[in-house]
Each structure stands twice: as structure tokens, then as C-alpha cells.
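This is what each chain is made of:
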Amino acid sequence: VMVYAIKQFGESAQTGFTLQQMRDNLPAVAEDAAEMAETFHRLIDTKEFYMAFQPVIATKAARIHHYEALARISGRDEASPYKYICFAEETGQISEFDLAMAEMAVRWLGNRTDPRTRVSINISGQSTANPDFIASLHALLDRHPACRERLLFEITDSSAMDDLAAANSFVQSLRKRGHMVGLDDFGSGANGFHLLSVIEVDFVKVDGATTRNAQQAIQGRAFLAALAVFCRMLKIEVVASAIEDDQMLAFVTECGVSLVQGYLYGKPSRDLRRFEKLKIEVPKRRAVA
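Residue numbers run consecutively from 1 along every chain, following the written order of its sequence. Confidence filtering applies because this is a predicted model: local features only for residues at pLDDT of at least 70, side-chain atom pairs given and counted only at 80 or more, and all residues used for totals across whole chains, interfaces and linings. Computation of side-chain values covers all heavy atoms of the structure but excludes hydrogens and water.

Engineer: How should the packing of helix α5 (residues 131-143) against helix α6 (residues 164-176) be read in this particular structure?
Structural biologist: Relative orientation of the contacting elements α5 and α6 amounts to 5°, with a least axis distance of 12 Å. On the basis of their axis angle, the class for α5 and α6 is roughly parallel. Two secondary-structure elements touch here, α5 through Phe133, Ile134, Leu137, His138 and Leu141 and α6 through Phe170, Ser173 and Leu174. Residue classes in the contact of α5 with α6 are distributed as 6 nonpolar, 2 polar and no charged. Lines fitted to C-alpha atoms define the axes here, with helix axes fitted over just the stretch in contact, and angles between the N-to-C directions of these axes take values from 0 to 180 degrees. Note on conventions: DSSP H or I runs of at least 4 residues are helices, E runs of at least 2 residues are strands, and numbering of each starts at the N terminus. Should an angle fall under 35 degrees it is called roughly parallel, over 145 degrees roughly antiparallel, and 65 to 115 degrees roughly perpendicular, with every other angle called oblique. By definition, residues are in contact when any of their heavy atoms lie within 4.5 Å. Just so you know the grouping, Ala, Val, Leu, Ile, Met, Phe, Trp, Tyr, Cys and Pro go in nonpolar, Asp, Glu, Lys and Arg go in charged, and all remaining residues, Gly too, go in polar.

Here it is in C-alpha cells:
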């Protein structure tokens, strides 16, 4: 926690801060970090968070492919626990949160009467190399075999995966159980394609920034269209996230992307009934210029 506090202080301090300033302000920063740690562990221990769902749409079939389950903090106006997740990643404790989300997801699926309902949850790249987490997750899945094919996993923070062979072994252990696994926040960097050359997955999710940038220049269009073709050859689905309007939907469809997610289809909600009567129109695909 102290290392985290010092890092936070360094990032927030103005350029050229003195040792005297650091000595004067570090106790307050350390206190904030300790409070962050206490709140994070309380969230885990008392389950002071819940799952909000956002649909991922299969445009060709005009139906909901699955829902992404996103963590929200109870009693805080549906606040995102983003800062606590960042804290957990920087202090090496994110696996605790990943396991808590998995436990919540399997319980939720167990109470659903419709076997067609599928949800995805996020797993940090750090957790793919944590043997205790992996053992606990497999034990959890062993106790809930009905979740096979209904629970999907998205690997986030892929830059944290130092041992790609070990990460691939973990991913394949989930796929062998029947779970779909994907790479989240798949950007335009070369590292993404390197990951796909090592780690076999079922889908990749293109981050919103990449999608928006792709609309601005021919190079971006070429990248997204090439990614769609490349993944189709590998039998990998491409999900475009942050789809906010019909123009963005038409653009990614023209690029060959068949799964989309974003505010166009609604904000994350605890109540799936918001999406049961969702009107999904299939956009006509044209070749990208």
C-alpha cells in the first residue's frame, strides 16, 4: 500500500516537487491509500457490489449474443468501482476481485430459468499467472457445471501478461470446459496481433477509441476491415464496443464486424427486462471504400 501511495503522490505532484513537499504530503496520501485498501477489501468481503448488464448484439442474426456483466458499487448511485480495480491491479490484489465476480456470476446464472442467457465477466491479465486464483476458479467451475457455455471470460489488461505461454494455458483450460474466452480492449497496436499469434481465443473486443479513430482516416478503416478478415480466417469473432449511434453501427458493419456493444442499445442495467423488447435492426453491409 505504501508503494502505491508513493506512486500516486509522484503522479499527482507537479513537476519539480521538493523532498520537503513530499515529506509534508505523503502522510495524507498514505492515509488515502490505506482507506482505499480498506474499502476494497470490504467490497470483496461484504459483496457491496452488484452486476449491471449490457447486451452484446449479433447484428446478422439481429439478436442478443450475450450480456457483459459489469461491476457496480451498491448504494453509490451505480458508481463504477474503476478506481478500486486500478488500486487492486497496482497492488497485485486484482485476483480477489476477479474471483468474487466469478462467484457472483455463477450464482446469478444458477438462478436464471432461461438456459440461453449468457454473460461475460472480466479477468485481469495478472490473474492468468496467479496459481491460487486459477485453482480457486477451476474449483468454482467444477461446482457449477451448468455454467459451461453460459459463462464467458474477457481478459483485460493484457499488458500485464508477462508469460504468454502460461496465459494461453489458462485460456485453453477454460475453453476446454466449454467457456468462450476473449481479449478485451484490443487496440491497433502490433502487440494485439502478437497476442493472437500466441493465445487462442474465441473473440476480440475492439476498444471504443480504436473504433472512433478508425472512422476518421482511411488507415483506421483499413485496420478494422483487415482485423475482421484476419479474425474470420481464424474463426475468431470481433466485437466493436462503444457503439453510440447508427452511423458508428453502419461503419463497423461495413468493416465486417458482426458483434457490437454500446449505448445505442442501452446503458448497463441490473434489470434484463430493459433489453427483452430491444428493437434490433440489421444494417445493410457495403464494401468499405
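Read on, since the account is not over.
Engineer: Before we go on, may I ask you to explain the pairing of strand β6 (residues 203-206) in this structure?
Structural biologist: Regular strands show a simple pattern: their side chains alternate between the two faces of the sheet. Taking every second residue as pointing to the same face, both faces of β6 are buried, with Phe203 and Lys205 on one and Val204 and Val206 on the other. As judged from the 3 bridges shared by strand β5 (residues 181-186) and β6, these two strands associate in the parallel manner. If you follow Phe186 over to β6, its bridge partner there is Val206. For β6 and strand β7 (residues 237-240), the ladder comprises 4 bridges, and the chain directions are parallel. Looking at β7, one finds that Phe203 is bridged to Glu237. Burial classification: accessible surface area is computed with a 1.4 Å probe over protein chains only, and a residue below 20% of its type maximum counts as buried, one above 50% as exposed, and the rest as partly exposed. Paired strands are those between which DSSP finds at least two bridges.

Engineer: Explanation requested: the nonpolar core in the structure shown.
Structural biologist: By size, the foremost hydrophobic cluster in this structure holds 75 residues, and its most contacted members are Leu137, Leu151, Phe153, Phe170 and Val204. When residues in this core are grouped by element, the largest group, 11 residues, is from helix α4 (residues 94-110). In this view, Phe170 contacts Ile123, Thr128, Phe133, Ile134, Leu137 and Ile155; residues no more than four positions away in its chain are not counted. What is meant by a nonpolar core is a set of buried Ala, Val, Leu, Ile, Met, Phe, Trp, Tyr and Cys residues, joined one to another through side-chain atoms within 4.5 Å.

Engineer: Honestly, the layout of surface pockets in this entry has me stumped. Any pointers?
Structural biologist: Each cavity reported here is a set of points on a 1 Å grid over the protein atoms alone in which a 1.4 Å probe fits but cannot get out, each pocket an open set with protein on both sides within 12 Å along at least five of seven lines, and each lining residue one with an atom within 4 Å of a point. Grid points are joined across faces, edges and corners, and a volume is the space filled by probe spheres set on the points. Each pocket or cavity is described by its volume, and for the largest pocket that value is around 920 Å³. If you go around the largest pocket, you meet 32 residues; those closest to its centre are Glu68, Leu70, Asn122, Asp184 and Asp185. For the lining of the largest pocket, the secondary-structure elements that each account for two or more residues are β2 (63-73), α3 (82-90), α4, β3 (119-124), β5 and α8 (208-214). Top contributing element to the lining of the largest pocket by residue count: β2, with 5 residues. Broken down by class, the residue content of the lining of the largest pocket amounts to 13 nonpolar, 9 polar and 10 charged.

Engineer: Please clarify how the side chain of Gln261 should be interpreted in this entry.
Structural biologist: Turning to its location among the elements, Gln261 is positioned in strand β8 (residues 259-261). For Gln261, a relative accessible area of 2% corresponds to the buried category.

Engineer: It is not clear to me how α5 should be interpreted in this structure. Could you clarify?
Structural biologist: For the α-helix, the turn length of 3.6 residues means that residues three or four positions removed from each other point alike. With 13 residues, α5 should reach 18 Å at 1.5 Å per residue; the first-to-last C-alpha distance of 19 Å fits that figure. Burial in α5 covers these residues: Phe133, Ile134, Leu137, His138, Leu140 and Leu141. Buried residues of α5, seen end-on, are gathered within an arc of 160° and therefore sit on one face of the element. Seen from the buried face of α5, the exposed residues on the opposite side, beyond 90 degrees, are Pro131, Asp132, Asp142 and Arg143. The N-capping residue of α5, defined by a side-chain oxygen 3.0 Å from the backbone nitrogen of Asp132, is Asn130. To estimate how far a helix should extend, the number of its residues minus one is multiplied by 1.5 Å. The arc in question is traced by the directions running from the helix axis to the C-beta atoms. Counting of polar contacts relies on pairs of N or O atoms within 3.5 Å, with two restrictions inside protein: one atom must be capable of donating a hydrogen and the other of accepting it, and residues adjacent in sequence are counted only when both atoms are side-chain atoms.

Engineer: Explain the packing of aromatic side chains here, please?
Structural biologist: By convention here, two paired aromatic rings are described through the distance between centres and the angle between planes. In summary, the pairing rule links any two rings of Phe, Tyr or Trp, Trp by its six-membered ring, whose centres are within 6.5 Å, and it sorts them by plane angle into stacked for under 30 degrees, edge-to-face for over 60 and tilted for everything else. Within this structure, the stated rule accounts for 8 aromatic pairs. Between Phe53 and Tyr67, the aromatic rings sit 6.4 Å apart at their centres with planes inclined by 75°, giving edge-to-face as the arrangement. One end of the pair, Phe53, is in strand β1 (residues 49-58); the other, Tyr67, is in strand β2, with 14 residues separating them in the sequence. Seen from their ring centres, Tyr67 and Phe275 are 5.9 Å apart, and the 45° between their planes marks the pair as tilted. Linking Tyr67 in strand β2 with Phe275 in helix α11 (residues 273-276), this pair joins segments that are 208 residues apart in sequence. For Tyr67, a relative accessible area of 9% puts it in the buried group.

Engineer: Looking at this structure, I do not really get the sheet that holds β3. What am I missing?
Structural biologist: For sheets, the rule is that strands pair by backbone hydrogen bonds, running either parallel or antiparallel. In space, the 8 strands of this closed barrel follow the order β1-β2-β3-β4-β5-β6-β7-β8, with mixed pairing throughout. Within the sheet, the average angular offset between the axes of one strand and its neighbour, ignoring direction, is 30°. Both β1 and β2 contribute to a ladder of 10 bridges, which runs antiparallel. Bridging from a neighbouring strand, Phe49 pairs with Ile73 of β2.

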